[in-house]
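The chain contents come next:
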2 protein chains.
Amino acid sequence: MTQQTVKDLYTHLDQLTGTVELTGWVRTIRSSKRVGFIELNDGSSLANAQIVMTSEMANYEELTKLPLSATIQVVGELVATPKAQQPFEIQATAITQVGGSDNDYPLQKKKHSYEYLRTIAHLRPRTNTFYAVFKIRSLAAFAVHQYLQDHDFTYVNTPIITSSDSEGAGEMFQVTTLDMNHLPLDDQGQVDESQDFFKEKTNLTVSGQLPVEAFALAFRNVYTFGPTFRAENSHTSRHASEFWMIEPEMAFADLTDVMAMAEGLLKGVIAYLFDHAQPELAFLNEHVDPELIDRLQLTLDEDFARVPYTKAVELLQAAPVDFKVPVEWGTDLQAEHERYLTEEVYHQPIFLTDYPKEIKAFYMRNNDDGKTVAAADLLVPQIGELIGGSQREERFEQLQQKIKDFGLSEEEYQWYLELRKYGETKEAGFGIGFERLVMYVTGMSNIRDVIPYPRTPGNAEF
Amino acid sequence: MTQQTVKDLYTHLDQLTGTVELTGWVRTIRSSKRVGFIELNDGSSLANAQIVMTSEMANYEELTKLPLSATIQVVGELVATPKAQQPFEIQATAITQVGGSDNDYPLQKKKHSYEYLRTIAHLRPRTNTFYAVFKIRSLAAFAVHQYLQDHDFTYVNTPIITSSDSEGAGEMFQVTTLDMNHLPLDDQGQVDESQDFFKEKTNLTVSGQLPVEAFALAFRNVYTFGPTFRAENSHTSRHASEFWMIEPEMAFADLTDVMAMAEGLLKGVIAYLFDHAQPELAFLNEHVDPELIDRLQLTLDEDFARVPYTKAVELLQAAPVDFKVPVEWGTDLQAEHERYLTEEVYHQPIFLTDYPKEIKAFYMRNNDDGKTVAAADLLVPQIGELIGGSQREERFEQLQQKIKDFGLSEEEYQWYLELRKYGETKEAGFGIGFERLVMYVTGMSNIRDVIPYPRTPGNAEF
């Protein structure tokens, strides 16, 4: 007799025999006078083990009254049940309560709204849906690391606290140790930032791209995978104030390489999930999004189309649809446009390339037409933009000019310019919002439901 | 003829033949009238490729004057050189400069101090030492993920921005979007935190342990691996303001399980590095720490000792050493004591267990003696404390009492107490300071030299 997990039992269904001992939590109980059934979950798998108890057990009465989520130890005989819904059950010979719970346990057996479950973020991973979501989140994160390490990418932890500004990427959070009720002031009566912890004003990072570029010029292929922050007062289902980004960066690479690597990475993650998250994907496909597995299979099978921005604008202008925001060449596309292109026109993920330079970041490489930059965004059904990539402007003078044109401080970007000054190299990279990716591979439609403890305006609980 | 990397050539030494094309950066050049040698690095490996050029090339003169770190494309014949220092060289037929550099390139061929290199953090990964260190950092991070995923641990991204206090773990950084020069005040003239972004005061996390414990009670085995922060004005070689922590947490586990898992994880990482970082370890062993590989081999081979705190105090009191801080039962051990035990007494990593409860955190489980808690810290040579672990207090009343005894707010820890109220379960976990681990496996003695862009008091550059 050995201590086993429920996962062990499901993994070795062909060897199901003998006495087992399990410890786990009561998920459900139903009982009659003579026989009772406990669904036992021990955290090792989404699936429960069915425990059968009978009134011959001395503590049967007591067991039937166990509160949900009580911790019990079960000793019993494994019996294969090939004709039942579950492949086996455990006919208990002894069940001992080893940990308490309470009858006011919030996760009673009924349907709870996602909104309610967000208020008990410390308990919601015990539900099937959130178990599946956060298991997939974990597996997807590992798949990203494995794919990139297998392709000779070096992982770099770029800083979270930064003295840089955001390159126009969005509002930032300030980080300080000054006592806000007793701020030190300078001669002009302004806050004396030189007395702060870092002797200057610091913020939370919005992107690790620029700092990781320095490492691409040493390691060739590099990536970041860490938290980033936006202090925008945005209350949509796709925005969080704190989220994780994956930012691969490649020296000696151009926009074509970016698209190939981004497509390979996304497909690699999906393939890994098909191999390692079958029960979770099946559960979500049944209960959350009936098109999930088909959509992922399609993503895996199809070659992603490459569509220039200019052509996309033509398609959108010719579309028999009244968009809320009309499209003309030079405007940034909205989620409604992105989703129309990928869902209605191409029915698959597409790369939109060569955007007008005015609507993209300063570090993107100018195309020869003088109007566009070598950018490529991946648009996917349900989500819209999932990946944003570009070839970087590696030519010193052009980069210097763009820093000026964008009204940025050349002094602040001196170190970034030096990357070009010493070893100017063709270079390209992309960024994936990890939570968007998790939404795509789980079918969840609100970003708050794919983050363990989401941070949004007004909400930093737990 | 195909575009290859230097790593490809070293990986397939037995197939070295024919024409190759490489693109990379000039690391060194030396030349005479008729022949010249370029050490080419393309980021794919620590090792360079030796390029031989001759005065028969039309642009020979020009090439001999290339500044260091210029980007060149080389076409040439591969020639095995079994008797030379390097296993092959490339006899160039054409070399083209594809990217510029400058003669004031800061990394000229001479020894630079670590202090100087920290001021050019964007360029130092191009040196051999930092290439080796940051490559090992990347491989070690991946080894951690792989080991834990292989052992059925679920990765959880606990929040960076938190409204919790630090449980006494240290000073915190405040996160705000308030305009510090125009702060909103409340009735009492104090800063009105309800007008801040999250409608309350928020800080950067010091640990993901408490939030991840909630997930251990759903997934059984979980871990965090993310940045944590300490706003301490500490200027030692072992402390940074921003560093990454690995925090595994296991339901149904006790202190023995913690020690077994921590020992297995550390050995797993070292074994992975022996398999995947041979050149980097050999370089660091030769140039940075001549005992590095022996120490890691010993760590891999030996069973770590388990030593109760009480016995350690006896050993230290009997030691023929004048410690700066004298030891008596009940005092926290200092680095000098930790290193004496592991370096002079045991000559290997040791777990110190069962510390006095007053010097450990509130969440650690009380031992039956009424004086100590079920804690285990791993001490290693050169570093001191590398891992801190404990069995968690899972008994509701005892935990409630400890929250009171430590002067913490029961209201703030209500959700944490609920983890015990609903599904009280034996549980244990540990934390590893990732930078300490990287120091241990690289032999680097200053934490600033194992972090891409270190953050310390007064320093948040790049």
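All figures in this text were calculated on a predicted structure; none of them were measured in a lab.

Peer 1: Got a sec to walk through the domain arrangement of chain A? Specific residues and values, please.
Peer 2: Residue and element names in this part refer to chain A. Domain boundaries in chain A define domain 1 (6–99) and domain 2 (125–169 + 206–449). Centre-to-centre separation of domain 1 and domain 2, based on C-alpha positions: 45 Å. Of the roughly 540 Å² buried where domain 1 meets domain 2, counting both sides, 47% is carbon and sulfur surface. Broken down residue by residue, the surface that domain 1 buries against domain 2 is led by Arg-27, Leu-46 and Ser-69, which jointly contribute 84%. Taken together, the connections running from domain 1 to domain 2 amount to zero salt bridges.

Peer 1: Help me get a handle on the confidence of the model for chain A, residues and values and all.
Peer 2: With 98% of its residues at a pLDDT of at least 70, chain A reaches an overall mean of 95. Across the interfaces of the predicted complex, the ipTM metric reaches 0.97, alongside a pTM of 0.97.

Peer 1: Before we move on, can you summarise the sheet that holds strand 1 (residues 19–31) of chain A with the specific residues and values?
Peer 2: All names here are of chain A. Pairing within the closed barrel is mixed, and its five strands lie in the order 1-2-3-5-4. Pairwise comparison of adjacent strand axes, ignoring direction, gives a mean angle of 55° for this sheet. In the sheet, strand 3 (residues 49–54) pairs with strand 5 (residues 88–99) via three bridges, with the strands oriented parallel. Pairing of Gln-50 across the sheet is with Glu-89, part of strand 5.

Peer 1: Kindly report on the relation of the copies chain B and chain A, identifying the contributing residues and their values.
Peer 2: When chain B is brought onto chain A, the operation consists of a screw motion whose angular component is 180° and whose axial shift is 0.0 Å, with 0.0 Å RMSD remaining. Both copies of the chain, as the preceding transformation shows, are related through a two-fold rotation axis. For chain B, the residue whose C-alpha comes nearest the rotation axis is Val-175 of chain B, separated from it by 2.4 Å. When the interface residues of chain B are mapped onto chain A, 99% of them again lie at the interface, so the same face is used by both copies.

Peer 1: If you had to explain the side chain of Lys-135 of chain A to someone new, which residues and values would you point to?
Peer 2: For Lys-135 of chain A, the location among the structural elements is in helix 4 (residues 128–150). With residues up to four places along the chain from it excluded, the contact list for Lys-135 of chain A reads Glu-280 of chain A together with Thr-154 and Phe-219 of chain B.

Peer 1: Can you explain the environment of Arg-30 of chain A? Please cite residues and give values.
Peer 2: Tracing the chain through its elements places Arg-30 of chain A in strand 1. In this view, Arg-30 of chain A contacts Gly-36, Phe-37 and Gln-50 of chain A; residues no more than four positions away in its chain are not counted.

Peer 1: Quick one: what's the story with the pairing of strand 5 of chain A, residue by residue and with numbers?
Peer 2: Relative to strand 5 of chain A, strand 4 (residues 71–80) of chain A runs antiparallel, the two being bridged by ten bridges. Bridge pairing in strand 5 of chain A links Gly-76 of chain A to Ala-92 of chain A.

Peer 1: Please set out the pattern of salt bridges residue by residue, giving values where relevant.
Peer 2: With the rule as written, the count across this model stands at 36 salt bridges over all chains. A salt bridge links Arg-124 of chain B to Asp-449 of chain B; its shortest N-O distance comes to 3.3 Å. A residue pair is termed long-range when its members are at least 10 positions apart, and Arg-124 of chain B in the loop between helix 3 (114–118) and helix 4 (128–150) and Asp-449 of chain B in the segment after helix 13 (434–442) qualify at 325 residues. Given a relative accessible area of 0%, Arg-124 of chain B falls into the buried group. With its nearest N and O atoms 2.7 Å apart, the salt bridge here joins Glu-263 of chain B to Arg-306 of chain B. Of this pair, Glu-263 of chain B sits in helix 6 (residues 255–276) while Arg-306 of chain B sits in strand 12 (residues 305–308), and the two are 43 residues apart along the sequence. Arg-306 of chain B gets classed as partly exposed once you look at its relative accessible area, which sits at 39%. Residues joined by salt bridges that share partners form a network here, namely Glu-213, Glu-249, Arg-392 and Arg-420 of chain A.

Peer 1: Could you give an account of the packing of helix 8 (residues 292–301) of chain A against helix 13 (residues 434–442) of chain A, with specific residues and numbers?
Peer 2: Residues and elements named next belong to chain A. Put simply, helix 8 and helix 13 touch, their axes get as near as 8 Å, and they point 115° apart. In terms of axis orientation, helix 8 runs roughly perpendicular to helix 13. Taken together, the residues of helix 13 that come into contact with helix 8 (itself represented by Leu-292, Arg-295, Leu-296 and Thr-299) are Tyr-440, Val-441 and Thr-442. When its residues are assigned to classes, the contact of helix 8 with helix 13 shows four nonpolar, two polar and one charged.

Peer 1: If you had to explain the packing of helix 5 (residues 209–219) of chain A against helix 4 of chain B to someone new, which residues and values would you point to?
Peer 2: Packed helices, taken two at a time, are described by the angle between their axes plus the distance between the axes. Their axes nearest at 11 Å, the elements helix 5 of chain A and helix 4 of chain B cross at an angle of 110°. Looking at the two axes, helix 5 of chain A sits roughly perpendicular to helix 4 of chain B. The chirality of how helix 5 of chain A crosses helix 4 of chain B is left-handed. Residues Phe-215, Ala-218 and Phe-219 of chain A of helix 5 of chain A touch helix 4 of chain B, and the partners they reach there are Phe-130, Tyr-131, Phe-134 and Lys-135 of chain B.

Peer 1: Tell me about the interface of chain B and chain A, and name the residues and values.
Peer 2: Facing 109 residues of chain B, the contacting portion of chain A comprises 108 residues. Summed over both partners, the interface of chain B with chain A comes to about 8,800 Å²; 61% of that surface belongs to carbon and sulfur atoms. Taken together, the connections running from chain B to chain A amount to six salt bridges. Across the pair Asp-152 of chain A and Lys-7 of chain B runs a salt bridge, and its minimum N-O distance is 2.5 Å. Along the contact surface separating chain B from chain A lie 55 residue pairs in polar contact (both at pLDDT 80 or more). The biggest single contributor to the side of chain B that touches chain A is helix 4 of chain B, with twelve residues. Here the residues of the side of chain B that touches chain A are counted per class, giving 51 nonpolar, 38 polar and 20 charged.

Quick notes on the rules
- Residues numbered from 1 in each chain as written.
- Chains lettered and ligands numbered in written order.
- Predicted model: local features only at pLDDT ≥ 70, side-chain atom pairs only at ≥ 80, totals over all residues.
- Heavy atoms only, no water.
- Domains from an automatic or database assignment.
- Buried area = accessible area lost by both parts, 1.4 Å probe.
- Salt bridge = Lys/Arg side-chain N within 4 Å of Asp/Glu carboxyl O.
- pLDDT = per-residue confidence, 0-100.
- Pairing = 2+ DSSP bridges.
- Helix = DSSP H or I, 4+ residues; strand = E, 2+ residues; numbered from the N terminus.
- Axes fitted to C-alpha atoms, helices over the stretch in contact; angles between N-to-C directions.
- Least-squares fit on C-alpha atoms with pLDDT ≥ 70 in both.
- Contact = heavy atoms within 4.5 Å.
- Buried < 20%, exposed > 50% of the residue type's maximum accessible area, 1.4 Å probe, protein only.
- Parallel < 35°, antiparallel > 145°, perpendicular 65-115°, else oblique.
- Nonpolar A, V, L, I, M, F, W, Y, C, P; charged D, E, K, R; others polar.
- Left-handed = near helix turned anticlockwise from the far one by under 90°.
- Polar contact = N/O pair within 3.5 Å; in protein donor to acceptor, adjacent residues only side chain to side chain.

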